[in-house]
Amino acid sequence: MRSPILAALLATASSAATIDWTAAYEKANASLAKLSLNDKVNIVSGVGWNKGPCVGNTAAVGSISYPQLCLQDGPLGVRFATGVNAFVPGIHAAATWDRALMRERGQFMAEETKGVGVHVLLGPVAGPLGKNPAGGRNWEGFGADPYLQGIAMAETIEGMQSVGVQANAKHYILNEQELNRETMSSNVDDRTLHELYLWPFADAVHSEVVSVMCSYNKINGTWACENPYVMDTILKKELGFQGYIMTDWNAQHSTSPAATAGLDMTMPGSDFNGGSVFWGSKLTQAVNSGEVPQSRLDDMVRRVLAAWYVLGQDSGYPATNLKASVQGTHKTNIRATARDGIVLLKNDDSILPLKKPAKLGLVGSAAVVNPQGMNSCTDQGCNTGALGMGWGSGTASYAYFSAPDAAIKTRAQADGTQISMSASDSTSAVGSAVNGADVAIVFITSDSGEGYITVENNAGDRNNLDPWHNGNELVKAVAAANENVIVVIHSVGPVILETILAQPSVKAIVWAGLPAQENGNALVDILYGDASPSGKLPYTIAKSASDYGIQVVSGNDDYKEGLYVDYRKFDRDEIEPRYEFGYGLSYTNFTYSDIFVDGRPNAGPATGDIISGGRADLWETIITVTVTVANTGAVQGAEVAQLYIGFPESAAAPPKQLRGFEKLALEPGASDIAAFNIRRRDVSIWDVAQKEWVVPEGTFTFSVGASSRDIRLSGTLDSV
Ligand code: NOJ
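Quick notes on the rules
Residues numbered from 1 in each chain as written. Predicted model: local features only at pLDDT ≥ 70, side-chain atom pairs only at ≥ 80, totals over all residues. Heavy atoms only, no water. Pairing = 2+ DSSP bridges. Helix = DSSP H or I, 4+ residues; strand = E, 2+ residues; numbered from the N terminus. Axes fitted to C-alpha atoms, helices over the stretch in contact; angles between N-to-C directions. Contact = heavy atoms within 4.5 Å. Salt bridge = Lys/Arg side-chain N within 4 Å of Asp/Glu carboxyl O. Buried < 20%, exposed > 50% of the residue type's maximum accessible area, 1.4 Å probe, protein only. Phe/Tyr/Trp six-rings, centres within 6.5 Å; stacked < 30°, edge-to-face > 60°. Lys NZ or Arg CZ within 6 Å of the ring centre and 35° of its normal. Disulfide = S-S within 2.5 Å.

The name given to the protein chain in an unreviewed UniProt entry is Glycoside hydrolase family 3 protein, with the source organism recorded as Hypoxylon rubiginosum.

Chemist: I'd like a description of the sheet that holds strand E13 (residues 439-446), backed by residues and values.
Modeler: Here 6 strands make up an open sheet; going across it, the order is E10-E15-E14-E13-E11-E12 and the pairing mixed. Since the sheet does not close on itself, it has two edges, and those belong to strand E10 (343-347) and strand E12 (418-422), each with one partner. With direction set aside, neighbouring strand axes in the sheet form an average angle of 15°. Across 4 bridges, the pairing between strand E11 (residues 359-363) and E13 is parallel. For glycine 361, the partnering residue across the bridge sits in E13 and is alanine 440. Running at roughly 175° to E13, helix H15 (residues 471-481) makes contact with E11, E13, strand E14 (485-491) and strand E15 (506-513) of the sheet. Here helix H17 (residues 519-527) sits on the sheet and contacts E13, E14 and E15; the angle it forms with E15, its principal contact strand, is near 140°.

Chemist: Any details on the pattern of salt bridges? Residues and values, ideally.
Modeler: Taken as a whole and judged by the stated rule, the model has 42 salt bridges. Between arginine 339 and aspartate 340 there is a salt bridge, and its shortest N-O distance comes to 2.8 Å. On the basis of relative accessible area, arginine 339 is assigned to the partly exposed category, the value being 22%. Take aspartate 340: its relative accessible area is 11%, and that puts it in the buried class. Counted as one network, the salt bridges with shared partners bring together Arg137, Glu140, Glu178, Arg181, Glu182 and Glu450.

Chemist: An account of the packing of aromatic side chains is needed here, citing residue identities and associated values.
Modeler: Throughout the structure, instances matching the rule amount to 19 aromatic pairs. Following the ring pairs from residue to residue traces out a cluster consisting of Trp97, Tyr147, Tyr567, Phe581, Tyr644 and Phe661. Over the face of the ring belonging to tryptophan 199 we find arginine 659, whose NZ or CZ atom lies 4.3 Å from the ring centre.

Chemist: If you had to explain the state of the cysteines to someone new, which residues and values would you point to?
Modeler: Counted by the stated rule, this structure contains 3 disulfides. Note on cysteine connectivity: cysteine 214 is disulfide-linked to cysteine 225, with sulfurs 2.0 Å apart. Since a negative S-S torsion denotes a left-handed disulfide, the cysteine 214-cysteine 225 link at about 110° is right-handed. Remark: cysteine 225 occurs in the loop between strand E8 (222-223) and helix H8 (228-238) and cysteine 214 occurs in strand E6 (residues 211-214); sequence separation between them is 11 residues. A residue is classified by how much of its surface remains accessible, and cysteine 214, at 0% relative accessible area, is buried. What pairs with cysteine 377 in a disulfide is cysteine 382, and their sulfur atoms sit 2.0 Å apart. Classification of the bridge connecting cysteine 377 and cysteine 382 rests on its S-S torsion, roughly 95°, and on that basis the disulfide is right-handed. In this structure, cysteine 377 and cysteine 382 share a single accessibility class: buried. Each bonded cysteine of the protein chain gets a number by its place in the sequence, and the pairs then read 1-2, 3-4, 5-6.

Below you can see the structure in the form of C-alpha cells.
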C-alpha cells in the first residue's frame with residue numbers, strides 16, 4: 001500500500017553536506033607548487049608536545065600564508081580553554097535521539113572552537129563503538145549501535161564544519177578498551193569490521209569530515225597508523241575519503257611503512273610519553289632516499305591543505321587564544337540536551353513528576369558540586385561530587401556547574417517544600433535526611449575515562465558495572481528508611497540495577513546519564529514535569545554483567561562475538577535485558593498506527609561511482625516506511641519511534657538492527673507521521689568473498705516501535 005505522503009518525503013530526504021573539494025584541491029595544488037621539501041614535511045609533522053598553544057601544532061608556512069595549525073581536544077568542547085562551555089558528552093547527546101540537538105551541539109561547539117582560534121577540534125568519536133560495556137571511553141561516543149553512532153557523527157560533523165571548523169573522526173579503528181590500547185591487536189573479520197565498526201566512519205566521510213585520527217592499537221596484527229588496508233584500501237579508496245589521516249598522539253611506529261600505508265600527518269611530533277619521532281627530519285631523509293615517493297608526500301600535503309581551504313580557514317580565521325571568552329548563549333543547547341537525554345527507567349505509582357511534596361530528603365555525595373571545586377581534578381580525573389562527564393583528554397572545564405541540590409532547592413522553594421539532606425554516601429547518615437520525608441531522592445554514580453588516569457582503582461575501563469561509592473548499600477539504606485524512593489543515576493554506561501530494583505520502596509529510577517554543567521537544572525526539568533522525559537537508552541542495561549558476553553581483555557582481542565554486540569547478542573541468545581536498547585518512559589502515552597512500507601530492493605550488489613562515504617548507490621533511498629504516532633496521554637511529550645530491520649535468513653544477520661529513528665514532539669491528543677528513509681546500505685550486508693555490499697535475497701521485516709523490544713507494528717518486503 002502506498003502512503004499518500006511518500007512523494008513529499010522522498011523530496012526532503014536528507015543529503016550530505018555540500019562541500020567543494022574540487023575548488024579546494026585546485027587551491028592546494030597551486031600552493032603545493034610553491035613549497036620546499038622542508039615546508040612540506042613541516043605541514044605534515046607536529047612541532048612537538050607542549051611546543052605550541054594547542055595539544056597538536058604544526059609550523060606556519062609564510063609563502064602560502066599558512067598558519068601554525070592548532071589541533072585541540074576534544075569531543076565535547078575545547079579542552080584547556082577558560083572561556084568555553086562543557087557540552088554534554090557524546091553518549092548523552094545520543095540518548096536524546098534528537099538530530100536537531102546533535103547538529104546544534106556540533107555547531108555551537110565549533111563556534112566556540114573558532115572563537116578561540118582552534119583549527120581542528122579533535123572529535124567526534126565513533127570508536128569506541130562501545131562493544132564492551134566497561135570500556136573506559138564509551139561515553140565519548142554515541143552508544144552501542146553503528147546506525148545511531150553514524151547519524152550522530154553525521155549531524156555533529158555537519159554542524160561543526162558549517163561554521164568552518166575542521167572536525168576529526170576518531171579513533172580509527174577498533175580501539176574498544178583502555179587496557180593495553182597501545183600494544184594490543186584487535187583482530188576482526190571483514191564483515192564485522194564493515195557492518196559495525198566502519199559504519200559510523202562511513203557516515204563521517206559521507207558528511208565530508210576533513211580529518212580522521214588513526215588509533216593506538218593494531219588491527220589484525222598491523223598498527224592502525226601504518227595499516228594499508230584500513231587507511232588506504234578502505235578509508236581512501238572504498239569510502240572515497242578526501243581529507244587527511246593524523247595519528248593519535250604517539251600512535252606512530254615507523255617512518256616509511258606509515259607513509260606508504262596512507263598516513264598523512266603525525267602528532268604531536270616529539271617524544272611524547274616516551275615514544276619516538278618518526279617524521280620531521282626522518283621523513284625528509286626517507287623522501288630524499290626514495291623510500292617514500294615524493295608523490296606520496298605531495299598527496300599528504302595536498303590533503304592537509306585542501307581540508308584547510310575547503311572550510312575557508314584561509315580567510316579571516318581568528319588567531320589562537322585559548323583564553324578568549326566565547327560562551328555566547330550556547331548553554332541553551334546544553335540544558336536541552338542534558339534534559340532530553342535523561343531516560344526514565346521506572347515510575348511506579350506515577351511518583352514522578354513530583355507533586356509539591358511537603359518534605360523532600362536528598363541523599364548522596366553526587367547531589368552536590370565537588371567540594372574542592374567543579375574543575376579541581378585534572379582532566380576531570382575524579383568522581384567527587386555530582387558527575388557531569390567521564391575523565392581524560394575528551395573533557396573540558398565546566399563554565400559553571402548546576403548541582404542537583406542547588407537546582408532542587410531553588411525549585412522547591414516555589415512549592416514551599418522543606419528539604420533535608422545528607423551530602424555523603426555514608427549509610428548511617430541516611431535516616432536524619434529521609435525520615436518523615438514524603439519522597440527521598442538518592443544519587444549514585446559510575447565513572448570511567450582514559451587510561452592515563454586511574455580513579456578509585458579504575459584504570460580507565462571500569463572494574464565492574466556496579467554503582468560506585470557503595471551505591472547499592474546507600475540505596476538499600478534509603479529504601480529501608482523511606483517508602484517513596486527515587487534513585488537518580490549519573491553514569492558513563494550501563495550499571496547493574498538488580499539490588500536497587502529488589503527494594504520495594506524504590507518507586508522510580510531516573511537515568512540521568514552525563515549531563516555536563518546543566519546537571520541539576522536538567523534534572524529539575526524532569527523531576528518536576530516541566531518537560532516529559534524523552535531520552536531512550538543508547539545501550540542495553542543487563543540483569544548481569546556476564547549477559548553482555550564481552551569483557552576487557554588483557555592480551556589481543558579476537559572479536560569472537562562478531563556482529564553480536566549489545567542488543568544484537570541479547571536478541572540472538574534470547575537473553576532478557578533489564579532495560580533494553582532504545583527503552584525509555586514518558587509522562588504521557590503514545591500509540592502507533594498505519595504502517596506503510598514501500599519500495600523494492602534489488603538483490604545483489606549494485607554499481608555506483610565512489611563518492612564521499614563509498615558507493616553512491618548505497619546512499620540512495622530505496623524504501624520508505626511511515627507510521628502514525630499519537631500522544632494519547634494528558635501531557636505534552638516526545639516519542640522516539642525506532643525502525644529495526646530483520647534481514648532474510650540467507651543474510652545470517654542479527655535478528656534486528658536499528659536502521660531509522662525519528663523523534664516527534666506531540667501535544668496531548670495530537671498525532672504525526674514518523675517517516676523512515678531506508679537507503680540501499682541499510683538493507684545490505686558486507687559480502688566477504690565479493691568484497692562488496694550486497695542486498696541479500698529474501699524477505700525483509702521492517703519493525704517500528706518504542707524500543708528494540710517494544711515493537712508496535714511491522715511490515716515485510718521481498719528483495720527481487
Ligand atoms: C590521546 C587520545 O586518545 C586522543 O583522543 C586525544 O585527542 C589525544 N590524546 C590528544 O590529547
